[in-house]
Amino acid sequence: MVLRCLTAALVGLLALGAAPAAPIPSAADASIHQISAGELRAHVAFLASDTLAGRGVGHAGNAAAEQYIADALRSAGVQPAAPGYLQTVEVYQPRLGDGSRLLVTSDERAPLADLTLGTDFYPLPASGDRPVSGRVVLGGHGLSAPGLRHDDYATVDARGAIVLVLDDLPKTVAEQPSLSSDERTELASIDRKLADARAHGAAGLLVVRAFMSDPRAVWPETTSVQSASYRLRGPMQAAPVAVAALSERAAAPIRQALEQRRAVRAQLIPGVTAAPVAMHNVIGMIEGHHTTGELVVVGAHLDHDGTDAAGAIYNGADDNASGTAAVIGIAAAFARAAARGERPKRAVVFALWNGEEKGSLGAEFYVSTPAPAGRVVAVLNLDMIGRREDIPDPDDPRFRGFPRRSAAASANVVHLLGYSRTPDLAATVARANEGVGLTLQQEYDRGAQGLLRRSDHWPFLLHGVPAVFLTTGLHPDYHTPDDDTDRLDFGKLERIAELAGRAAWMAADGDRPRMLPR
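Just so you know, these numbers come straight off a predicted model, no measurement behind them. (Residues numbered from 1 in each chain as written. Predicted model: local features only at pLDDT ≥ 70, side-chain atom pairs only at ≥ 80, totals over all residues. Heavy atoms only, no water.)

Quick word on the overall build of the protein chain
To keep it simple, the criterion reads: Where helices and strands are cited, they refer to DSSP runs of H or I of at least four residues and of E of at least two residues respectively, numbered from the N terminus. When we talk radius of gyration, it's over C-alpha atoms, and the globule rule is simply 2.2 Å times the number of residues to the 0.38. We call a residue buried when its accessible area falls under 20% of the maximum for its residue type, exposed when it is over 50%, and partly exposed in between, using a 1.4 Å probe and counting protein chains only. Contact definition: two residues touch when any of their heavy atoms are within 4.5 Å. Per-residue and other accessible areas were derived by the Shrake-Rupley procedure at a 1.4 Å probe size, with only the shown protein chains allowed to occlude residues. Counted as positive: Lys and Arg. Counted as negative: Asp and Glu. His and the chain ends are not counted at all. Every charge is mapped to an atom, namely NZ of Lys, CZ of Arg, CG of Asp or CD of Glu.
Within the protein chain, the regular secondary structure consists of 16 helices and 22 strands. Here the C-alpha radius of gyration of the protein chain, 24 Å, is about what a compact globule of 518 residues would show, namely 24 Å. Split into buried and exposed, the 518 residues of the protein chain put 57% on the buried side. A fraction of 84% describes how many contacts in the protein chain between residues 6 or more apart in sequence connect residues 24 or more apart. Roughly 20,300 Å² of accessible area belongs to the protein chain as shown, and the carbon and sulfur atoms make up 53% of that amount. Averaging the positions of the 50 positive and the 59 negative side-chain charges in the protein chain gives two centres separated by 5 Å.

Structure, rendered in structure tokens:
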């Protein structure tokens, strides 16, 4: 309780000086208030039906969901913001083929390592699919973060090289008290090490790990839609970097040779194939009454887990047919307001992201594209907004780190995340809630579960775009086949959709929200 009060007070103090968002015009408020529980139920019932088989990426049910949403936006009079509302997102499924090998030699042509797939060496799914060869350089922990007073590449010429880096974070960064657990996780991730290596022109990346998994755990046999993994195709095509993990034992002679300033060369053959898959974000728009070029985005992810190896369907009614239905409803409300001659100052984009369950791929694709993502001033993300938070067993690994909560105690609660990064936008949501009356809690930006980085607002925050996340929280049906339509509270979903619609209008009419320094 103390932490919650202190957090609320901090948000209030940080928001001081920000101009209040403009009031919502009566025609707009009336249009948003028309969002109905019945309308939302109809959308969820279709999206979470067995017919769509869990909307998993790579499955026909996912494509059917895309088309249903596009048709719903069209019927509501929302303009397309991509051809036919569908923004193509090229992804690929990394698969491990034959011939993975790492050959490392010193300047005397003495072999330092000659490894094939095993517990001392294996390629990682983040790897490009092309073999590379070149000089090997030491790259510390492979982290370039000048803002944290740490840059392993400051004195390293990585251009065309294979960089040997240590796993995890350097102690000087890991112990910085200003970093949250989410930030530490992101800084230590393979994707961050890969991004920094790519930015410095590296051709390959070898990550030295104290613990090496069995390669079969890193590359499990894909037996279902649920277990398949995907990555964005664009970065791999534009700047492929071969990536592999290396045990401390195998890395020791390589490190020793480099520390002795001997020239070391390597040939890294990942043996990875990249099977292409096309998926789509579904994007509509209502133009603003000023040609500012700025956008406010209201988004939710349309995909879920599909089916597992036993054929069980993960319908994902709460996760995230609930958020998808709300975005469709809000888009229709803005279209009704526009038909009545009322528009906010900025354009509002309604985005149904694909591939969230595979790593927020659709949202990352959008925000990585210079236009229109560079014009986005605020993002409202809706993910799992149709239930009551229910944490009966804090020892359950899915809930570890959360306090015990009952569904009855959470009847009116909606959680707001992102408040610590963009208090202006959080304050806008709080003002919008004055006309709705939900219990808005701000307590999950920090925590062992890392909820702040577990949905589609996170890529925007990483790119410096103000973004907040509304959710009703976790429950025992989360990521199970029991997440079905009949378990949702549609009255509550209606009120959260109204809250998000009001907040989106206020953000589109108000001052540009700030991002606090990371």
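Further notes follow.
Examining unusual backbone geometry
Residues Asp-319 and Asn-320 are joined by a peptide bond in cis, for which omega reads 5 degrees. Positioned with a positive phi, Arg-149 is a non-glycine residue whose angle comes to about 60 degrees. Its place among the elements puts Arg-149 in the loop between strand 7 (144–145) and strand 8 (150–151). You will see that Asp-168, though not glycine, has its phi angle at about 70 degrees, which is positive. In this fold, Asp-168 is placed in the loop between strand 9 (162–166) and helix 5 (171–174).

Focus on the pairing of strand 12 (residues 242–247)
Basically, it comes down to this: A pair of strands is labelled paired if DSSP reports no fewer than 2 bridges between them.
The element strand 12 is largely enclosed, with a buried count of 6 among its 6 residues. Of the two faces of strand 12, the one lined by Ala-242, Ala-244 and Leu-246 and the one lined by Val-243, Ala-245 and Ser-247 are each fully buried. With 3 bridges joining them, strand 5 (residues 121–123) and strand 12 adopt antiparallel strand pairing. Within strand 12, the residue paired with Phe-121 across the bridge is Leu-246. In this structure, strand 10 (residues 204–209) lies alongside strand 12, joined through 6 bridges in parallel fashion. Each bridged residue has a counterpart across the sheet, and for Gly-204 the counterpart in strand 12 is Ala-242.

A word on the side chain of Arg-209
We apply this condition: In protein, a polar contact requires one atom able to donate a hydrogen and another able to accept it; more generally it is a pair of N or O atoms within 3.5 Å, and residues adjacent in sequence count only if both atoms are side-chain atoms.
Examined against the element boundaries, Arg-209 turns out to sit in strand 10. By relative accessible area, which is 17% here, Arg-209 ends up buried. Within the structure, Arg-209 has its side chain in polar contact with the side chain of Asp-167 (distance 3.5 Å). For Arg-209, the residues in contact, after removing those within four places along its chain, are Tyr-122, Leu-124, Asp-167, Ile-190, Ala-245, Leu-246, Ser-247 and Glu-248.

Overview of the pairing of strand 19 (residues 376–382)
Counting buried positions along strand 19 yields 7 of 7 residues, so the element is predominantly enclosed. Inspection of the sheet shows strand 15 (residues 295–301) paired to strand 19 by 5 bridges, in the parallel sense. Residue pairing across strands places Gly-299 opposite Asn-381, the latter belonging to strand 19. Strand direction decides the pairing type here: strand 19 and strand 22 (residues 467–471), joined by 4 bridges, are parallel. Its bridge partner lying in strand 22, Leu-382 is registered against Leu-470.

Thoughts on the nonpolar core
Quick note on the threshold: Take the buried residues of types Ala, Val, Leu, Ile, Met, Phe, Trp, Tyr and Cys, join any two whose side-chain atoms come within 4.5 Å, and each joined set is a nonpolar core.
Ranked by internal contacts, the top residues of the largest apolar core, which has 68 residues, are Phe-350 and Leu-382. At 13 residues, helix 11 (residues 317–339) tops the list of elements feeding residues into this core. Setting aside its immediate chain neighbours within four residues, Leu-382 contacts Val-298, Gly-299, Ala-300, His-301, Asn-320, Gly-323, Ala-326, Val-327, Ile-330, Leu-470 and Ala-500. In terms of nonpolar packing, the next biggest core, distinct from the first, is built from 30 residues, Leu-295, Ala-363, Val-379 and Trp-458 among them.

Notes on the packing of aromatic side chains
This is how it is decided: Centres within 6.5 Å are what make two rings of Phe, Tyr or Trp a pair, Trp counting through its six-membered ring; a difference in plane orientation under 30 degrees is then read as stacked, over 60 as edge-to-face, and the rest as tilted.
All told, the structure shown has 7 aromatic pairs when counted by the stated rule. Taken together, a centroid distance of 4.9 Å and an interplanar angle of 45 degrees make the contact between Phe-334 and Trp-505 tilted. Of the two residues, Phe-334 sits in helix 11 while Trp-505 sits in helix 16 (residues 490–509), which places them 171 residues apart along the sequence. Like Trp-505, Phe-334 is buried. An aromatic cluster of at least three residues, connected via ring pairs, comprises Phe-334, Phe-350 and Trp-505.

Side note on the sheet that holds strand 5
Hydrogen bonds between backbone atoms are what pair the strands of a sheet, whose relative direction is either parallel or antiparallel. This is how it is decided: With axes taken as lines fitted to C-alpha atoms, and helix axes fitted only over the stretch in contact, angles between N-to-C directions fall between 0 and 180 degrees.
Strand order in this open sheet of 8 strands is 4-3-13-6-9-10-12-5, and the pairing throughout is mixed. Strand pairing shows two members of the sheet lacking a second neighbour, strand 4 (111–116) and strand 5, which therefore form its edges. For this sheet, the mean inter-axis angle between neighbouring strands, taken without regard to orientation, is 25 degrees. As judged from the 6 bridges shared by strand 3 (residues 101–106) and strand 13 (residues 264–269), these two strands associate in the antiparallel manner. In the sheet register, Leu-102 faces strand 13, and the bridge partner there is Leu-268.

A word on the packing of helix 3 (residues 37–47) against helix 4 (residues 60–76)
Angle between the axes and distance between the axes: these two values describe a pair of packed helices. Selection rule: Comment on the angle field: the value is read as roughly parallel under 35 degrees, roughly antiparallel over 145, roughly perpendicular from 65 to 115, and oblique elsewhere. Helix crossings fall into two classes, left-handed where the near helix is turned counterclockwise from the far one by less than a right angle and right-handed where it is turned clockwise.
Interaxial distance between helix 3 and helix 4 falls to 10 Å at its minimum, and their mutual angle equals 160 degrees. When the interaxial angle is binned, helix 3 and helix 4 end up roughly antiparallel. Here helix 3 runs over helix 4; the crossing is right-handed. Taken together, the residues of helix 4 that come into contact with helix 3 (itself represented by Ala-42, His-43, Phe-46 and Leu-47) are Ala-65, Tyr-68, Ile-69 and Ala-72.

Side note on helix 2 (residues 26–33)
Rules: Directions drawn from the helix axis to the C-beta atoms are what define this arc.
Those residues of helix 2 lying buried are Ala-27, Ala-28, Ser-31 and Ile-32. Angularly, the buried residues of helix 2 cover 135 degrees about the axis, an arc narrow enough to put them on a single face. Opposite the packed face of helix 2, turned more than 90 degrees from it, sit the exposed residues Ser-26 and His-33. Packed against the buried residues of helix 2 are helix 11 and helix 16.

Brief notes about the packing of helix 2 against helix 16
Which entries qualify depends on this criterion: Under the scheme applied here, ten amino acids are nonpolar (Ala, Val, Leu, Ile, Met, Phe, Trp, Tyr, Cys and Pro), four are charged (Asp, Glu, Lys and Arg), and all others, including Gly, are polar.
Taken N-terminus to C-terminus, the directions of helix 2 and helix 16 make an angle of 155 degrees; their axes are 9 Å apart at the nearest point. By the angle between their directions, the pair helix 2 and helix 16 is classed as roughly antiparallel. Once helix 2 is placed against helix 16, the crossing between them reads as right-handed. Contacts between helix 2 and helix 16 involve Ala-28, Asp-29, Ile-32 and His-33 from the first element and Glu-498, Gly-501, Arg-502 and Trp-505 from the second. Split into classes, the residues belonging to the contact of helix 2 with helix 16 amount to 3 nonpolar, 2 polar and 3 charged.

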